[in-house]
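The primary structure of each chain is shown beneath.
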Amino acid sequence: MDIQVQQTEKLKNRQKYASAILQKLPAISRAGNEEELNKTVQEMLCLMGEYSEAKCVYIFEKESEGVYRHRYEWCAPGVLSKSSYMPLVTRADMPKWSGIFDSGKPLVIENMEEIWEDMPAEYEALKSCGIHSSILTPMYNQSKLAGFIGLDNPSPDISPLFIQEMAFVGEYLNAARQNLHMRDALENRLQQKNQEQEILSVLCSDSTSVFKVDLLADRAETVKLSNGANASQFISLEDRPSICFSAAMKEYFERYIIKESISDYLETFRPENLIRELKKQSRISRRFQTTKNALGQQYFEIRASRLNFSEGRYLALVDFRYIDEIVNEEKKHQQELESALEETRMGSEIISALGKIYFRIYQIDLVRYYYEEIAGGSSELRLTGCHGDASVRMAQDNREQVATEYQEKVAEFFDLSTVSARLKDEETIAAEYQAADGNWHLARFIVQKRDELGKAVQVLFVIRLISEEKRRERFLMGEAAEAKRASEAKSEFLSRMSHDIRTPMNAIMGFVNIARHHLEEPKKIEDCLNKILLSGGNLQQLIDDVLDISRIESGEFKLEQKPVNIEANFELYQQTISGILAEKKQHYISSKHGILHNILLTDELRLSQIYINLLSNAIKYTPENGTIRFELYEEPSENAGKVRLIGIVSDNGIGMAPDFMENMYTEFSRAVDTRVNKVRGSGLGLAIVKKIVDMMGGTIEVESELQKGTSFRVTLELSYVEEAAAEPDYAGQMADGKLPDREIHLLVAEDNDLNHEILMEQLAMYGISCERAADGLECVEKFEASEMGRYDGILMDMQMPVMNGLKATRVIRNLNHPLAKTIPVIALTANAYESDVKKCLEAGMNAHLAKPIQVEAVIQTLAEFIDKK
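Residues numbered from 1 in each chain as written. Predicted model: local features only at pLDDT ≥ 70, side-chain atom pairs only at ≥ 80, totals over all residues. Heavy atoms only, no water.

J.: Sorry if this is basic, but what is going on with the confidence of the model for the protein here?
T.: A low pLDDT score tells you not to read the predicted coordinates there in detail. Predicted confidence across the protein gives a mean pLDDT of 83, with 85% of residues reaching 70 or more. Every residue in residues 376-382 is under pLDDT 50, and counting partners more than four places away or in other chains gives 35 contacts. The low-confidence segment residues 672-680, where pLDDT is below 50, has 16 contacts with residues more than four positions distant or belonging to other chains. (pLDDT = per-residue confidence, 0-100. Contact = heavy atoms within 4.5 Å.)

Given below as structure tokens:
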């Protein structure tokens, strides 16, 4: 709980600093001189440092061609100023970074050790300064690199949005410098637009229509669509959550746009073209003329802004804003407005990309308690004519639009008599609350003017919708809790795995030691060897379970559909478990009935794995003299050519508690029960069964009661095959391979002495002789130098020094030796994944056998290939 509280507190602090950063941006734009700009930038760096928990935040600006000087800096307490050891850098000092900056991309280095090969110059420079991670974003001035902003040793969980905010800070800084140069020339001509510029420096221009577009899927979500907009005439309320983007654009073009005003409209805003262009730049915009809409508007600007171009996703924000007033003004004062509109557009684009869409805006005089409402329904913010007593209006909004349980809290926040005091040391204050319609709102006071004593006398009051952010916040908190639960489950699993691996290992080592002290007692040695074999089998089963789960999760677990003899397998299951049944003196009752189709198409190995796992569990958790039942029968299916195979495994064992049954199919889960903890197991058996059943398209059901037992019912719908058609395949499957009746000599590539000795001794029991190669290269050399017929086959390990088994096989297959293309090469390796088998076959091997090796499998495989050329 303490960790969750800390995470929540950290999130709140970050929201506070992120909000402060956004509100500080207009202050940069409003800087009236160099001193005021330097002070504001320094305050901004401090906020960025607090947000990111970095040790140092700094800005280098271009001094001359290829040279960048340290200009601004904020350092955490105790951190040495970067100006003392790095007053300037050149492109030669950061060759790799320069290339990345030239492409317009930020640079995120989570671990400095990961760049020492690709970026040696930068690595040496930063490593010597004790920097182990860094985030840097380039700053541009008229498409040319003007410097960069950097964070040293920030918190590892910095969001992409904050990195984008870093770029915005750079853009605002460059814009502010240009503003300082242009201020005198523009001041007289832009007096009538001062109020508009102040508002636009904080808020995004309103739009008549806004769409969030998935460019790859060609689908658009309607974020906003004004009633009077032309698009509202053909996009219905039902269709607004998801529409075809290109189809809607085409219909809008054909129905409303005057074609001469924008002939390349459809081509420019095709999804594939937007993806290509927005990879190069953050925004694309075009102006055009339409037939007048219901609001009398006919001039519009369409803007496509890049939102998220990462992890295979291409999301953009496309909005339409009316610009009639702008167009009319341009016609009168074209030359004057070109510079002014460039500055306005820059501020609007940055704020729009941050998604700050406010639906209510008041400009409030805190001296007279007088307000004027500013429209929030169009792209150009303007006074609506609504005005009056601000306190009365705020109280009315609280009563009518705020949920009852939040009204008391909101009344305190809306209290205009305390706003100036609350803004004494802040540029903005905010409060979240739930609205009467159930949505979440964020209300904010933003300082516009202060008197000579620094007291806030004029503010903007704005409200925006944050329901989606609240939902995302709750989702992230849930994800964090789920990740914590998963981590705890894996930790518990690893603890059990350590115990379950050490248990058979302890038995193996113990009985080896006992055997060494009873070398003259054959019966004692035989007993030890049997127990070693049993422990080794337990260890292998444990490893196989873990590998199966890994294969399933990675997608390497494949089902092979082949004709399967159900009756033969039913008998085989009893034979497989007969040994452990006898050990526990348990009764086994099997029943097979109603099987009208004996040959079914399925994966024989995985079908057996389902039933054997369930039977093994029943045996494990049933006391001595208990009863295990296995019933198998067929039911008809509604689908032609298929039947339902029903398998029921039940016992009268210890049963399962209801709380465990809720998570019994989860990997790493095992009941916390003294009765269960006496039984060895990884807690993966039921998870494997459930995943195999799901992959087969079946169902598994369970009933269980403590002290009474458990019953599992597995239903699989499988295609059937007539027995006559399947018999030839079964005849081939039942044929046993036999080695040629002559002396067999093998070349064995194995670097481990013990593994080679074990294999050689076991093969010798079958009259097979071996010659060893200690690595892949030696294996190649021995085969290349061998006379015709010296080796009947090659047993190849995969991982060896000098040359591995895969490369050795490829080299052998390309030799000029007469047998290079035909000699059997069989992999004997601990690399047991499906991908490893595929690599072996692609390298030219004939077969793959996983360690620990069963010598009978080796003999069977050799029989398949020797003298079968």
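J.: Please explain unusual backbone geometry as it appears in this structure.
T.: For residues that are not glycine, phi is negative in most cases, and the peptide bond is trans in most cases. For Asn-153, which is not a glycine, the phi torsion comes out positive at approximately 55 degrees. Positive phi is not limited to glycine here, since Val-802 has a value of about 70 degrees. Here Val-802 shows up in the loop between strand E28 (793-796) and helix H24 (805-813). (Helix = DSSP H or I, 4+ residues; strand = E, 2+ residues; numbered from the N terminus.)

J.: Sorry if this is basic, but what is going on with the pairing of strand E24 (residues 699-705) here?
T.: Within a regular strand, the side chains alternate between the two sheet faces. Relative to strand E25 (residues 709-721), E24 runs antiparallel, the two sharing seven bridges. By the bridge assignment for E25, Val-702 is matched with Phe-712. Count of turn residues in the E24/E25 antiparallel hairpin: three residues, of which Gln-707 carries a positive phi of about 70 degrees. (Pairing = 2+ DSSP bridges.)

J.: Got a minute to help me understand the environment of Leu-278 in this structure?
T.: With respect to the helices, strands and loops of the structure, Leu-278 is situated in helix H9 (residues 271-280). Between the C-alpha atoms of Leu-278 and Ser-305, which are 27 residues apart in sequence, the distance is 7.5 Å. Apart from residues no more than four positions distant in its own chain, Leu-278 is found in contact with Leu-215, Arg-283, Ile-284, Ala-304, Ser-305, Arg-306, Phe-309 and Ala-316.

J.: Where do I start with the nonpolar core in this structure?
T.: A general feature of soluble globular proteins is that nonpolar side chains tend to end up buried together. Among the nonpolar cores identified, the biggest contains 37 residues, and Ile-610, Tyr-611, Leu-614, Leu-615, Phe-630, Leu-645 and Leu-716 are the most heavily contacted of them. Of all elements in the fold, only helix H17 (566-583), helix H18 (604-620), strand E22 (627-636), strand E23 (642-651), helix H20 (685-695) and E25 reach the threshold of two or more residues within this core. Here this core takes eight residues from H18, the largest share from any one element. Core analysis: the next-biggest nonpolar cluster, separate from the first, contains 33 residues, Ala-220, Phe-234, Phe-300 and Phe-320 among them. (Core = buried A, V, L, I, M, F, W, Y, C linked by side-chain atoms within 4.5 Å. Buried < 20%, exposed > 50% of the residue type's maximum accessible area, 1.4 Å probe, protein only.)

J.: Honestly, the packing of helix H12 (residues 390-401) against helix H13 (residues 407-414) in this entry has me stumped. Any pointers?
T.: Between two packed helices, what matters for the description is the angle formed by their axes and the separation of those axes. Where H12 contacts H13, the axes come no closer than 10 Å and their chain directions differ by 160 degrees. By the angle between their directions, the pair H12 and H13 is classed as roughly antiparallel. By crossing handedness, the relation of H12 to H13 is classed as right-handed. Contacts from Met-394, Asn-398 and Arg-399 of H12 reach H13 at Gln-407, Val-410, Ala-411 and Phe-414. For the contact of H12 with H13, a count of residues per class yields four nonpolar, two polar and one charged. (Axes fitted to C-alpha atoms, helices over the stretch in contact; angles between N-to-C directions. Parallel < 35°, antiparallel > 145°, perpendicular 65-115°, else oblique. Left-handed = near helix turned anticlockwise from the far one by under 90°. Nonpolar A, V, L, I, M, F, W, Y, C, P; charged D, E, K, R; others polar.)

J.: Would you explain the packing of aromatic side chains in this entry?
T.: Given two aromatic rings, their pairing is described by the distance between the two centres and the angle made by the two planes. Here the structure, examined in full by the defined rule, presents 28 aromatic pairs. Ring plane angle 10 degrees and centroid distance 4.3 Å describe the contact between Tyr-51 and Phe-162, whose orientation is recorded as stacked. Placement of the pair is Tyr-51 in helix H2 (residues 34-52) and Phe-162 in helix H5 (residues 160-187), with a sequence separation of 111 residues. Judged on exposure class, the residue Tyr-51 and its partner Phe-162 are both buried. (Phe/Tyr/Trp six-rings, centres within 6.5 Å; stacked < 30°, edge-to-face > 60°.)

J.: Please clarify how the sheet that holds strand E1 (residues 56-64) should be interpreted in this entry.
T.: Whenever strands of a sheet pair, they do so through backbone hydrogen bonds, lying parallel or antiparallel. Across the sheet, six strands lie side by side as E3-E2-E1-E6-E5-E4; this open sheet has antiparallel pairing. The sheet is open, and its two edges are formed by strand E3 (88-90) and strand E4 (107-109), each paired on a single side. Ignoring strand direction, the axes of neighbouring strands in this sheet form an average angle of 25 degrees. Relative to strand E2 (residues 67-75), E1 runs antiparallel, the two being bridged by eight bridges. Counted as the bridge partner of Glu-61 is Arg-69 from E2. H2 contacts E1, E2 and strand E6 (144-152) of the sheet and is inclined by roughly 65 degrees relative to E2. Of the strands in this sheet, E4, strand E5 (134-141) and E6 touch helix H3 (residues 95-102), which is tilted by about 55 degrees from E5.

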